[in-house]
Structures are given as C-alpha cells and as structure tokens.
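Listed below are the residues making up each chain.
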Amino acid sequence: MKLGVHLSTFMKQWQEPPGPWIRRAAQLGYDGVEIPLPDPFEVKKEEVQKALNASGILCTCGTGLNVSADISSTDPDVRKNGITHIKRCLELCSEFGSDTLSGVLNAAWGMTADRECMKDRIKYSKELLYKLGDYAEKMGVVMALEILNRYEGSMFNTVLEGKEFVNDIGHQNVKLHFDTYHAHIEEADMEQALRDGAGHIRHVHMGDNQRSRPGSGQIDFLQVCRVLDETGYDRWLTLECFVAPGGEVASGTYTWRNTDTDGIQTAKKGLSFMMEILKEIR
C-alpha cells in the first residue's frame, strides 16, 4: 500500500496554487498526493505537472459535484454541467498520470433528502455514471464514488449500500471510495464493512473521527490496515485531514476548532504513524 496526502490538508482555500504543497509532501516523504479539482477548468495544469515531475511523486485526483453541476439533478442543464465537470476531471487525471478519480461523483456534495424523494435523482445518477464509465475507461481512469456520512450525502452511506449502487451501475470503471471518518459515523462494524467492500473499494481516505490525523482519535487504524491487507487492497492510503479553522476549506468541512497545530504538522505526524502501522502488518 502507498501513502498519500490530500493537498487540502495543507490548504486554506480550495484553489490555492498546488505546486508548493506537492513539493512539501514529497519533502515529508509521501509516495504521492491527491490533487483536489473543485473546478477542473481553473486548475493550473502546467504548475501541477511541473511540481509532480520535479518532486518525483505520484498522484490521484478527487472532486465533488455542486448544485450547478450535478449529474443527479432533475434539471437537464445542471446534469449536462455535471457531465462536463466529470469529463474534464477525467481528462486531467489522464494528463497527470492519475489512474483514479475519487470523491463525490454521484450527486452534489452536501445534497441530502429522503431516498424515496430521490428516485429520479438516483436513476439519473446511475444512468450517467454508466455512460461516464465508458469515458473513464477511454481515459484509463477508474471513478471511485465516496461513501459519505448522512450529513453530507444520502444516496448511500455504508459500504453495503455503496456496493449495491455500483453493482446497479454495472461498469468496471465505477468503484467505491472508502473514508474512515465517514465510516466511523455510519458503519456498525468497520472491519466487516471493509470485508464487505473487498474488490469494490478502489480508494481509501485516512482521517480520525474528529477529522484529524490517524492515531489522534478513536479509530483503530492498525486493524483497518490489517483488514485491507487481508482482503487484497494494495492501493492508496491517503491522509485527508482538516485541523484548523479559517478559510473556505475549513468552513466547507465544518472545521471550527484546532485539532492540531496546522496541516503540515498533521501530515508529518500522520505519515510517521502510518509508516509504523504498515511496518507492523508486513
């Protein structure tokens, strides 16, 4: 398994220049970074590519749909915007060498409603994700749909629900994205959830129950990694933490208090902790 860090761990604003943070992640010793693509048409492509080449580390990419670009919307223009958004993200993944696009791809991030009222939205989402799966395959990328907690999404909130969702889509380039923070809220048994998701989980985010670094809260990351290893997962363990208030990243992730000094210290201590975990299971 490879250790990565989501660049938003360092950022105050979503559209901060990514180059310095890519280089800092490499200096800390990470295998790679996850590049956030909140607006894929505003990404500084040359800066990203230059930083990746100079630092010699790998990357994945993540994004989240919004209310004006949402493939589940009942408004056809908003659905079209969502398709355009995801396609551009897939193209950037291909350009940057990322084999995975993870995140909130099935609906607008934060959109919640009773599922009975969302039947049309769910139908649009599944149909369009299947079609986008063909484009992802063409780009050499797999889409990993993030399993969110009930406060940030409502189409599916557990691994079993997510597995049913992607099975309904039925495309080999549409898989699941597991996040320990969300799972701590929704799963009755995180170990069993990981076993249930074997073969479907494409990407993993690591954050403790208060969204700080692994090892700072209640989650048993040693057992999480043991189960991932036992079930054949050998891809990214990406640190995604939000630890300090101030700025749009903090407000967008409901970070109102300090749970660490800053993102750099979180990334540094989180990497050290995860390296010890991986040593123990190998």
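Along each chain, numbering runs from 1 in the same order as the chain's sequence is written. Per-residue local features of the predicted model are confined to residues with pLDDT of at least 70, and side-chain atom pairs are confined, for both listing and counting, to 80 or more; whole-chain, interface and lining totals are unaffected and use all residues. The side-chain values count all of the structure's non-hydrogen atoms but skip hydrogen atoms and water molecules.

S.K.: Kindly report on the layout of surface pockets, identifying the contributing residues and their values.
M.R.: Its boundaries defined by the atoms lining it, the largest pocket holds a volume of some 440 Å³. Here a cavity denotes grid points, spaced 1 Å and computed from the protein atoms alone, that fit a 1.4 Å probe unable to get out, and a pocket denotes an open set having protein on both sides within 12 Å along at least 5 of 7 lines; residues with an atom within 4 Å of a point are the lining. Taken together, 26 residues line the largest pocket, and the ones lying closest to its centre are Trp14, Thr63, Gly64, Val104 and Trp109. Runs of E in the DSSP output that reach at least two residues are strands. Runs of H or I that reach at least four are helices, and both are numbered from the N terminus. With four residues, the top contributor of residues to the lining of the largest pocket is strand S3 (residues 58-65). Gly is put with the polar residues, along with every residue not named as nonpolar or charged; the nonpolar set is Ala, Val, Leu, Ile, Met, Phe, Trp, Tyr, Cys and Pro, and the charged set is Asp, Glu, Lys and Arg. Each residue belonging to the lining of the largest pocket can be placed in one class, and the counts come to ten nonpolar, eleven polar and five charged. Grid points are joined across faces, edges and corners, and a volume is the space filled by probe spheres set on the points.

S.K.: Mind laying out the environment of Lys87, listing which residues take part and the relevant values?
M.R.: Residue placement: Lys87 occurs in helix H3 (residues 76-96). Burial classification: accessible surface area is computed with a 1.4 Å probe over protein chains only, and a residue below 20% of its type maximum counts as buried, one above 50% as exposed, and the rest as partly exposed. A relative accessible area of 33% means that Lys87 is categorised as partly exposed. For the pair Lys87 and Lys163, spaced 76 residues apart in sequence, the C-alpha to C-alpha distance is 23 Å. Working rule for contacts: check all heavy atoms of both residues, and any pair within 4.5 Å makes them a contact. Apart from residues no more than four positions distant in its own chain, Lys87 is found in contact with Leu132 and Tyr135.

S.K.: Tell me about the packing of H3 against helix H4 (residues 119-139), residues and numbers included.
M.R.: Here an angle of 0 to 180 degrees is reported between the N-to-C directions of two axes, which are lines fitted to C-alpha atoms, with helices fitted over the stretch in contact. Where H3 meets H4, the closest approach of the two axes is 10 Å, and the angle between their N-to-C directions is 25°. When the interaxial angle is binned, H3 and H4 end up roughly parallel. The handedness of the crossing between H3 and H4 is right-handed. Judged by residue contacts, Arg79, Ile83, Ile86, Lys87, Leu90, Glu91 and Ser94 of H3 engage Tyr124, Leu128, Leu132, Tyr135, Ala136 and Met139 from H4. Taken together, the residues of the contact of H3 with H4 break down into nine nonpolar, one polar and three charged. These descriptions rest on fixed angle ranges, namely under 35 degrees for roughly parallel, over 145 for roughly antiparallel, 65 to 115 for roughly perpendicular, and the rest for oblique. Here a crossing is taken to be left-handed if its near helix is turned anticlockwise relative to the far helix by less than a right angle, and right-handed if that turn runs clockwise.

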